[in-house]
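# Summary of the model geometry
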Amino acid sequence: RFIAKPCAINLGIQDSGPHRAQPNAILEKVFTSITKSPDGKRLEGLSKQLDWDVRKIQRWFRHRRNQDKPTTLTKFCESMWRFTFYLSIFFYGIRFLWTAPWFWDTRQCWYNYPFQPLTSRLYYYYILELAFYWSLMFSQFTDIKRKDFLIMFVHHLATIGLITFSYMNNMVRVGTLVLCLHDASDFLLEAAKLANYAKYQRLCDAFFMLFGVVFIVTRLGIYPFWILNTTLFESWELIGPYPSWWLFNGLLITLQILHIIWSYLIVRTAYKALVRGKVSKDDRSDVESSSEEEDATSNSTKGVFSTSSNGSNRINGHVASGQWTEGE
């Protein structure tokens, strides 16, 4: 309210939403009481009742669904908040771990386990991360519903489960490595979205490409060969198969599966951007164009993150879609 909104206004971002649907009592009643996406049979009935063309009714429902979406200003403020958090917590984690022995030698995560001291800096790092991911879990139900809703829901559950489980079992050393590694790319995605909302397309594309590189290197390279290696093999060697070993590693492997899915989607987006020069649409976005003509027009002006006037998209702190647009 006091920082992000003034910044957005100075960048020329207006607090205006999508085009509002033409007032119609009959269609509004159907929309609120029956269905927001009528099938062909219902569309034919409404066409006869209103003496409207079916295409016009479809366009009305698109506009009506879109008009409740948050404005670009709202999305900019939310992304700025997430960018601030991710950047701050990442540098806090790096500064804290730089002097930690287990950052340089992962076997230190298991020496003298479970009798390892919990310092105040480590404690606050954990509590801040846990609180933030709980906030993402709750806000997911009030944010725009994306096609990757289930994937993100599983991701948040796995993350919260890992943070809580590792804290309860005093596996906080390896836990800090997982947290810091995941924070390394998230702030770059939010930076790309901020540039997109401000219509700095080249800057947006550069941040997105950098985000993709960092994401793939950390999630498909460092994570399995550094994190999973110590939790699967070094822990087994040093402390043996403790009772919760399977659950702990099961959650970590679940995250790795999600990393593979998201990396594929990022690569596909980057490939399309390189081949076409532009990415046409966010596969995750629930905001629709009001007509095929609008789609054709907007597609000619979109980059890696689109900035179409109908106000598409949104991401939940993590990349999880095949193509990115303004929806986050």
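Conventions used here
- Residues numbered from 1 in each chain as written.
- Predicted model: local features only at pLDDT ≥ 70, side-chain atom pairs only at ≥ 80, totals over all residues.
- Heavy atoms only, no water.
- UniProt positions renumbered as here; feature names shortened; annotations may be inferred.
- Core = buried A, V, L, I, M, F, W, Y, C linked by side-chain atoms within 4.5 Å.
- Buried < 20%, exposed > 50% of the residue type's maximum accessible area, 1.4 Å probe, protein only.
- Helix = DSSP H or I, 4+ residues; strand = E, 2+ residues; numbered from the N terminus.
- Phe/Tyr/Trp six-rings, centres within 6.5 Å; stacked < 30°, edge-to-face > 60°.

Within an unreviewed UniProt entry, the label attached to the protein reads CERS5 synthase, and the organism entered is Pluvianellus socialis. According to UniProt, the comment filed for the protein under the heading Catalytic activity (unreviewed entry) is "sphinganine + octadecanoyl-CoA = N-(octadecanoyl)-sphinganine + CoA + H(+)".

## Looking at the nonpolar core
In this structure, Leu97, Trp102, Tyr223 and Phe248 are the most contacted members of the largest nonpolar core, which totals 55 residues. Elements with a minimum of two residues in this core: α5 (72-98), α6 (101-104), α7 (120-139), α8 (149-168), α9 (172-197), α10 (201-239) and α11 (245-276). Here this core gets 12 residues from one element, more than from any other, and that element is α9. Membership of the second largest hydrophobic core comes to 10 residues, among which are Leu27, Leu43, Ile57 and Trp60.

## Remarks on the packing of aromatic side chains
With the rule as written, the count across this model stands at 26 aromatic pairs. With 5.0 Å between their ring centres and 90° between their planes, Phe103 and Trp104 make a pair best called edge-to-face. Taking the relative accessible area as the measure of exposure, Phe103 reaches 16% and is therefore buried. Trp104 sits in the exposed class, given a relative accessible area of 54%.

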